[in-house]
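Per-entry structural report
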Amino acid sequence: MGIFGFFLFLGLAFADRDVPAKARVAKRCYCDLQMSDGPFPRQQLEQLYSISKNCSQRLNALEFGKPTQIIADVEQRLKDLAKRIHEFKEEYDGELYSIISFRIIEIEIEELNYLLDQLQEMCSRNNDVSTDLDIQAQNITSKVDELEKYDRLKVVQQNRNNVILKRSLTSCQSALLVTPTPYITPQPGSCSFGRLKAVSYPKSSMLNHYGTSYPYGNWGKDPLPAPGKEDQYWLAIVSTSTRYGTTVRTYDSYAKFLTKGAYKDVTVKTHSPQGPGGLIYGDAYYYNCYNLGKLCRFDMTTNEVVSAILPFAGFNDQFPYCTFSSCYSYTDMDLATDENGLWVLYATEFNVGNLVVSRLNTTDLSLLESWNTTVFKRSVTNAFMVCGVVYATRFLNSEIEEIFYMFDTTSGVERNDLKIELRKALPGIQYMNYNPQDRKLYVYSDAYVVSYTLTFD
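Per an unreviewed UniProt entry, the chain carries the name Olfactomedin-like domain-containing protein and comes from Scyliorhinus torazame.

Structure, rendered in structure tokens:
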């Protein structure tokens, strides 16, 4: 390796036994071999080792670890701040609460600014260090390239190839030794994020904007909003004899909904909605057509109405939701949404009044799939869907409703022993629907609009 100047000495003594000793002649041959590249620069190699060691010491974890910790702290604080602002927006409850909440938010913002200043200072300092190290690394690279020409047997290059081959071999062996993850059949009633475990206390509760004279209605947020309507909330009441209503009121934001701010009223002039079972999905209002065994779809933008018969479905109070002492009028057809789309919950004489679950085509209202359950619809006070699972409630007392029943459309498994309690704002529940976008349960309860957060395993 390298260029070596060396002196080769060959001593050759020739002796002829037939020649007298005095006549013997000693002969010597000299061979001087020199390489054109000069001697190997050992001192330069030692300098490279020294520079490399210095770079390694400056690039230790302590030099750049603290900014990483600060970034993680900032990210967590931003998440907490966003959550606090969201909760404050939802649970606004007067001036005192507003002042306290704003002060807490101000303190958190000040702490964030302090952390960001620290981070900026460290990043500036580390940028200088990394610039210097980058220059040194470039110098080392150039000098190593110069030294590599002394590797006449290509030892370094071959070593690199060996490392690559070894890494590929290790990766291949690891892949062969990996045991495939066995498929685990999900438990009935499970979503990708777990099974329904509990329902929170009411997150918000307020009288609807029309007053106590309207105990039947529905409200919520579109799970599949049109562009520009992502923050829109809607409210519809049953205005005449708890049977039908013609107006759907929309608000651009939850803040406007809470403060009864600017709104837009849309009137359904053809096939008025009957009962409180309607909802908005994909910028269209779906409901039971007035006095008919049909479902209707009202386009909130074009005002066009599409209707279709719901085969064999009971209507006009044939199979409503009921408590043990009374029934909720005209709740025969209950629309529902979840992660799988749009559903309708109803009962038929063919299924002896038991609950039927059907998934709908959102355009023409045809049935995509249907399942017959064994729970009598009149024994249920209300129902909703989550991940293809229907959950039914029953009245326990004026303060508590119980989610007691589930039917999984994927596995066909039924259970009637869930015992998940739901704390009520008022005794009656005329409407409930799950929104897969925010995983909240929207409830209309004796003229009050209430929301709940669902908890999953």
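There is more to say after this.
**So, the overall build of the chain**
Looking only at helices and strands, the chain features 5 helices and 25 strands. Relative to its full complement of 457 residues, the chain shows a buried share of 40%. Counting only contacts in the chain whose residues sit at least 6 apart along the sequence, the fraction spanning at least 24 positions is 55%.

**Points about the nonpolar core**
Formed by 41 residues in total, the largest nonpolar core has its most connected members in Trp219, Trp234, Phe257, Tyr285, Leu295 and Leu335. Non-local contacts of leucine 335, meaning those with residues more than four positions away in its chain, are made with Gly277, Leu279, Tyr286, Tyr287, Leu295, Leu342, Trp343, Val344, Leu360 and Asn433. Among the nonpolar cores identified, the runner-up in size contains 23 residues, and Cys191, Val199, Val386 and Ile403 belong to it.

**What to know about the packing of aromatic side chains**
Applying the stated rule across the entire model yields 17 aromatic pairs. Where tryptophan 219 meets tyrosine 442, the ring centres are 4.9 Å apart and the plane angle is 85°; that geometry is what we call edge-to-face. A residue pair is termed long-range when its members are at least 10 positions apart, and tryptophan 219 in strand β6 (residues 217-221) and tyrosine 442 in strand β24 (residues 440-445) qualify at 223 residues. Exposure remark for tryptophan 219: the relative accessible area of 1% places this residue in the buried category. Three or more aromatic residues link up through ring pairs in this structure, and these residues are Trp219, Tyr233, Tyr251, Tyr254, Phe257, Tyr263 and Tyr442. Residue placement shows arginine 249 over the ring face of tyrosine 263; its charged tip is 3.7 Å from the ring centre. Taking NZ or CZ as reference, lysine 377 lies 3.8 Å from the ring centre of tyrosine 321, over its face.

**Notes on the sheet that holds strand β15 (residues 341-347)**
Pairing between the strands of a sheet comes from backbone hydrogen bonds, and it takes one of two forms, parallel or antiparallel. In spatial order, the strands read β14-β15-β16-β17; together these 4 strands make up an open sheet with antiparallel pairing. Here the strands that pair on one side only, and so sit at the sheet edges, are β14 (334-338) and β17 (367-376). Sheet twist, expressed as the mean angle between neighbouring strand axes with direction ignored, is 25°. With 5 bridges connecting them, β15 and strand β16 (residues 354-360) associate as antiparallel partners. Within β16, the position partnered with valine 344 by the bridge is serine 358.

**Describing the sheet that holds β6**
The antiparallel open sheet is built from 4 strands, whose spatial order is β6-β7-β8-β9. The sheet is open, and its two edges are formed by β6 and β9 (264-267), each paired on a single side. Averaged over neighbouring strand pairs, the angle between their axes works out to 20° when direction is ignored. Where β6 and strand β7 (residues 233-237) come together, 5 bridges link them in antiparallel fashion.

**Looking at the pairing of β15**
Burial analysis of β15 places 7 of its 7 residues in the buried class, which makes it a mostly covered element. In the sheet, β14 pairs with β15 via 5 bridges, with the strands oriented antiparallel. Counterpart to threonine 337 in the pairing with β15 is leucine 342. Hairpin connection, β15 to β16: the antiparallel pair is bridged by 6 residues, and valine 352 has positive phi, about 45°.

**Thoughts on the side chain of glutamine 232**
Mapped onto the secondary structure, glutamine 232 falls in the loop between β6 and β7. Excluding residues that lie within four positions of it along the chain, glutamine 232 makes contacts with Lys221, Asp222, Thr250, Tyr251 and Asp252.

**Details of the pairing of β24**
Counting buried positions along β24 yields 6 of 6 residues, so the element is predominantly enclosed. Along β24, one buried face is formed by Lys440, Tyr442 and Tyr444 and the opposite face, lined by Leu441, Val443 and Ser445, is buried too. Here strand β23 (residues 431-435) runs beside β24; their pairing, made up of 5 bridges, is antiparallel. Each bridged residue has a counterpart across the sheet, and for methionine 432 the counterpart in β24 is valine 443. Connecting β23 to the antiparallel partner β24 that follows it, the hairpin turn spans 4 residues, and arginine 439 within it adopts a positive phi of roughly 55°.

**Details of the state of the cysteines**
All chains considered together, the criterion is met by 3 disulfides. With its sulfur 1.9 Å from that of its partner, cysteine 289 forms a disulfide with cysteine 296. On the S-S bond that ties cysteine 289 to cysteine 296, the torsion sits near 115°, and the link is right-handed. When sorted by exposure, cysteine 289 lands in the same class as cysteine 296, which is buried. Each bonded cysteine of the chain gets a number by its place in the sequence, and the pairs then read 1-6, 2-3, 4-5.

**So, the environment of lysine 294**
Relative to the helices and strands, lysine 294 is located in strand β12 (residues 294-299). For the pair lysine 294 and glycine 314, spaced 20 residues apart in the sequence, the C-alpha separation amounts to 9.9 Å.

**Description of the confidence of the model for the chain**
Scored by pLDDT, the chain comes out at a mean of 83, with 77% of its residues at no less than 70. Here residues 1-17 scores under 50 on pLDDT; set against residues more than four positions off or in separate chains, the count is 33 contacts.

**A word on unusual backbone geometry**
The phi dihedral of asparagine 316 falls on the positive side, at around 55°, and the residue is not glycine. Its place among the elements puts asparagine 316 in the loop between β13 (305-309) and β14. The class for asparagine 316 is partly exposed, based on a relative accessible area of 27%. If you check the backbone angles, arginine 439 has positive phi at about 55° while not being a glycine. Among the secondary structure elements, arginine 439 is positioned in the loop between β23 and β24. Residue classification places arginine 439 among the partly exposed residues on the basis of a relative accessible area of 36%.

**Observations concerning empty space enclosed by the protein**
Evaluation of the coordinates by the stated rule reveals 3 cavities of 30 Å³ or more. The space that makes up the largest cavity amounts to roughly 70 Å³. Lining of the largest cavity is provided by Asn218, Ala236, Ile237, Val238, Tyr244, Gly245, Thr246, Thr247, Val248, Pro273, Gly275 and Tyr285. Secondary structure elements with two or more residues in the lining of the largest cavity: β7, β8 (247-251) and β10 (273-280). When grouped by side-chain class, the residues that make up the lining of the largest cavity number 7 nonpolar, 5 polar and no charged. Its residues assigned to classes, the lining of the second largest cavity shows 4 nonpolar, 4 polar and 1 charged.

Quick notes on the rules
- Residues numbered from 1 in each chain as written.
- Predicted model: local features only at pLDDT ≥ 70, side-chain atom pairs only at ≥ 80, totals over all residues.
- Heavy atoms only, no water.
- Helix = DSSP H or I, 4+ residues; strand = E, 2+ residues; numbered from the N terminus.
- Buried < 20%, exposed > 50% of the residue type's maximum accessible area, 1.4 Å probe, protein only.
- Contact = heavy atoms within 4.5 Å.
- Core = buried A, V, L, I, M, F, W, Y, C linked by side-chain atoms within 4.5 Å.
- Phe/Tyr/Trp six-rings, centres within 6.5 Å; stacked < 30°, edge-to-face > 60°.
- Lys NZ or Arg CZ within 6 Å of the ring centre and 35° of its normal.
- Pairing = 2+ DSSP bridges.
- Axes fitted to C-alpha atoms, helices over the stretch in contact; angles between N-to-C directions.
- Disulfide = S-S within 2.5 Å.
- pLDDT = per-residue confidence, 0-100.
- 1 Å grid on protein atoms, 1.4 Å probe; cavity = no way out; pocket = protein on both sides within 12 Å on 5 of 7 lines; lining within 4 Å.
- Points joined across faces, edges and corners; volume = space filled by probe spheres on them.
- Nonpolar A, V, L, I, M, F, W, Y, C, P; charged D, E, K, R; others polar.

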